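As a plain string of letters, each chain reads:
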Amino acid sequence: MAAGDKQPVVRVEGLTMEFHGIKALDDVGFCLGRGEFLSLFGPNGAGKTTLLKILGFLLKPTAGHVWMNGQEPDTRNGNARKEIGLVSHNSLLYDDLTVMENLEFYASLYGIVNPGERIEALLGRVVLYRQRHLMVKILSRGMQQRLSIARSLLNEPSLLLLDEPYGGLDPSASAMLTSHLKELRDQARTIIMVTHDLTRGLEVASKVGILSRGKLVFLQNTDGINPENLSDHYHRHLEVH
Amino acid sequence: MGAFVGLIKKDLTVALRRKETFVSMVFFAILILFIMNMAIGMGEKISPDMAAGILWVAVLFSSISGLGSTFSMEKTNRCIDGLLISPVHSATVFLAKMTVNLAFLSLAEMIIVPLFLVLYGNHVQSLHLSLLLIILLLNLGLTSIGTLISGITAGSRRNDVLLPILLFPVITPLIAFTIKATGALFAGAPFQEYAPWLKLTAAFALIFSTAGYFLFEHVLREN
């Protein structure tokens, strides 16, 4: 947590989600302060995406609580949603709109008046300014993912959720994404990323967690953790659970 | 208001760039009008009610194509999640989608209705400006229930099959009221005679617009 900033950006307690009697999440709890970057690992079906969907108000949990900046958000109120940004393996971008048109559309959803300057600054940061008049459908997967990051930052969210952002990226696009994520981490943004990729997840994170069958079985700061012992932790916890 | 305008602008831009939605709407209606005209034959007389039926069946089938594509753009790249995670109210999304459907249906009717009058004009004994009121009320009813049901079927892989199956039974009373009103108008009846049918059509449009406004939150979340 950043010095002098004691209020957690997100606090989760007893989060449980059941689908037809099967627990996708089971009593999950953690707390993240400003500038913390949590990488969550786990096999398919561990509940990683379900957790992100709950934090993004796309799903209502069966039980448990989420506090954002010290308050339990009222999801019927749109203001709570302004605090969230989402980057997923789906780009959430319209193929038949240009880069600029996509960002202008999302800016209108967030009530951003005169978004031109902010959009241009974001496009500069993700190195897409020259492509601003190109249709999204002709961009490469890596460019689309960078545009997704720009889209998710339009509303200056307190919490950024990343759902398998490396999905479908080639090594050079992955390296570029890692550099953008490090940049975001250094800007003291609070980020939760779910991924299968232990090495890349560890590279950018300040905290790592392992979800197995809906339970958060491991949560630790990254100090002293390297890819080898993280891999040991990962396989040991999956065997136990 | 900004979100409402933004949603309409986005939907119109995407639909105009894809083109196929509007083209298929108009093409389908033209096909029905020509086939029915050939089936009736030259010199044969049909009742004003039947002429009205042909017009609105052509419009109904043409609208299916437009309504079916309402949410197709939101399914690609899971753009629907972008709407759900944003602070925009679901009712605003419903109203914007309904407005765009209304615009495309009205645009298609600007081609369909004049063509109908050319092909079937000899079966129409009287034409009055109140036809515009009938068209407006039908369009409001059709797009309100159509937008709601296309939202319900959007999550299905067989959206194109499911939409007419769910829509046709619900929309039948609206089409029947409209045919009765238009038939009376074509027969030269005074406005007071078909006004009750128009009131029923307006009530239908009002009920389903209100239902869509309040239920769309649940409809979107099911996707």
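Residues numbered from 1 in each chain as written. Chains lettered and ligands numbered in written order. Predicted model: local features only at pLDDT ≥ 70, side-chain atom pairs only at ≥ 80, totals over all residues. Heavy atoms only, no water.

Enquirer: Any chance you could explain the overall build of chain B here in plain terms?
Expert: Across its full length, chain B carries nine helices and zero strands. From first element to last, N terminus to C terminus, chain B shows the α and β order α-α-α-α-α-α-α-α-α. Relative to its length of 223 residues, chain B is compact, with a C-alpha radius of gyration of 18 Å against a globular reference of 17 Å. Taken along the three principal axes of its C-alpha coordinates, chain B extends 60 × 35 × 30 Å. A buried classification covers 53% of the 223 residues belonging to chain B. Pairs at least 24 apart in sequence give 87% of the contacts found in chain B among residues at least 6 apart. (Helix = DSSP H or I, 4+ residues; strand = E, 2+ residues; numbered from the N terminus. Rg over C-alpha atoms; globule rule 2.2 N^0.38 Å. Buried < 20%, exposed > 50% of the residue type's maximum accessible area, 1.4 Å probe, protein only. Contact = heavy atoms within 4.5 Å.)

Enquirer: Teacher, can you tell me more about the overall build of chain A here?
Expert: When helices and strands are tallied, chain A shows eight helices and nine strands. At 18 Å, chain A has a C-alpha radius of gyration in line with the 18 Å of a compact globule built from 241 residues. Dimensions of chain A, computed from the C-alpha atoms along their principal axes, are close to 50 × 45 × 40 Å. Looking at the 241 residues of chain A, the share that counts as buried comes to 53%. Across chain A, contacts joining residues at least 24 apart in sequence account for 71% of those joining residues at least 6 apart. As displayed, chain A has an accessible area near 10,500 Å², and 48% of this comes from carbon and sulfur atoms. For chain A, the centre of its 26 positive side-chain charges and the centre of its 27 negative side-chain charges are spaced 2 Å apart. (Areas by Shrake-Rupley, 256 points an atom, 1.4 Å probe, with all protein chains shown as cover. Lys, Arg positive; Asp, Glu negative; His and termini not counted. Charge placed at Lys NZ, Arg CZ, Asp CG, Glu CD.)

Enquirer: Hey, could you run me through a nonpolar patch on the surface in this one?
Expert: All names here are of chain B. Where nonpolar side chains cluster on the molecular surface, the patch consists of Val23, Phe27, Phe28, Leu31, Phe34, Ile35, Met38, Val57 and Phe61 and spans about 840 Å² of accessible area. Broken down by secondary-structure element, the contributors of at least two residues to the nonpolar patch are α2 (20-40) and α3 (48-68). Position of Phe28 among the secondary structure elements: in helix α2. (Patch = residues over 30% accessible without salt bridge, like charges linked within 9 Å, V, L, I, M, F, W, Y side chains within 5 Å. Salt bridge = Lys/Arg side-chain N within 4 Å of Asp/Glu carboxyl O.)

Enquirer: Please explain the pattern of salt bridges as it appears in this structure.
Expert: When their charged atoms lie close together, side chains carrying opposite charge are able to pair. Residue and element names in this part refer to chain B. The final tally for this structure, using the stated rule, is 17 salt bridges over all chains. The partner of Glu74 in a salt bridge is Lys97, with the nearest N and O atoms 2.7 Å apart. Taken together, the residues span a long stretch of sequence, with Glu74 in helix α4 (residues 72-75) and Lys97 in helix α6 (residues 90-120) at a distance of 23 residues. Take Glu74 and Lys97: they sit in the same class, and that class is buried.

Enquirer: In this structure, what is going on with the sheet that holds strand β6 (residues 159-163) of chain A? I would like to understand it.
Expert: What holds strands together in a sheet is hydrogen bonding between their backbones, with the strands either parallel or antiparallel. Residues and elements named next belong to chain A. Taken together, the six strands give an open sheet; going across it, the order is β5-β6-β7-β3-β8-β9, and neighbouring strands pair in mixed fashion. Only two strands of the sheet have a single neighbouring strand rather than two, namely β5 (84-88) and β9 (215-221). Geometrically, the sheet is characterised by an average inter-axis angle of 15 degrees between neighbouring strands, direction not taken into account. Bridge analysis of strand β3 (residues 37-41) against strand β8 (residues 207-212) gives four bridges, and the strand direction is parallel. Paired with Leu40 across the bridge in β8 is Gly209. (Pairing = 2+ DSSP bridges. Axes fitted to C-alpha atoms, helices over the stretch in contact; angles between N-to-C directions.)

Enquirer: What should I look at first to understand the interface of chain A and chain B in this one?
Expert: In many analyses, interface size is given as the accessible surface area lost on bringing the parts together. Counting residues at the interface gives 24 residues for chain A, matched by 24 residues for chain B. Interface of chain A and chain B: buried area, both sides summed, is about 2,200 Å²; carbon and sulfur atoms make up 62% of it. A salt bridge links Glu101 of chain A to Arg17 of chain B; the nearest nitrogen and oxygen atoms lie 2.7 Å apart. The tally of links from chain A across to chain B stands at nine residue pairs in polar contact (both at pLDDT 80 or more). For the side of chain A that touches chain B, the secondary-structure elements that each account for two or more residues are α2 (78-81), β5 and α3 (99-109) of chain A. Considering every element that reaches the side of chain A that touches chain B, the biggest residue donor is α3 of chain A, with five residues. The residue inventory of the side of chain A that touches chain B, partitioned by class, reads 13 nonpolar, six polar and five charged. (Buried area = accessible area lost by both parts, 1.4 Å probe. Polar contact = N/O pair within 3.5 Å; in protein donor to acceptor, adjacent residues only side chain to side chain. Nonpolar A, V, L, I, M, F, W, Y, C, P; charged D, E, K, R; others polar.)

Enquirer: How should unusual backbone geometry be read in this particular structure?
Expert: Negative phi values dominate among residues other than glycine, just as trans dominates among peptide bonds. All names here are of chain A. We note that Asp27 has phi near 55 degrees; this positive angle belongs to a residue other than glycine. Position of Asp27 relative to the elements: it lies in strand β2 (residues 22-32). Positioned with a positive phi, Leu92 is a non-glycine residue whose angle comes to about 60 degrees. Considering the arrangement of structural elements, one finds Leu92 in the loop between β5 and α3. According to the relative accessible area criterion, Leu92 is buried, its value standing at 0%.

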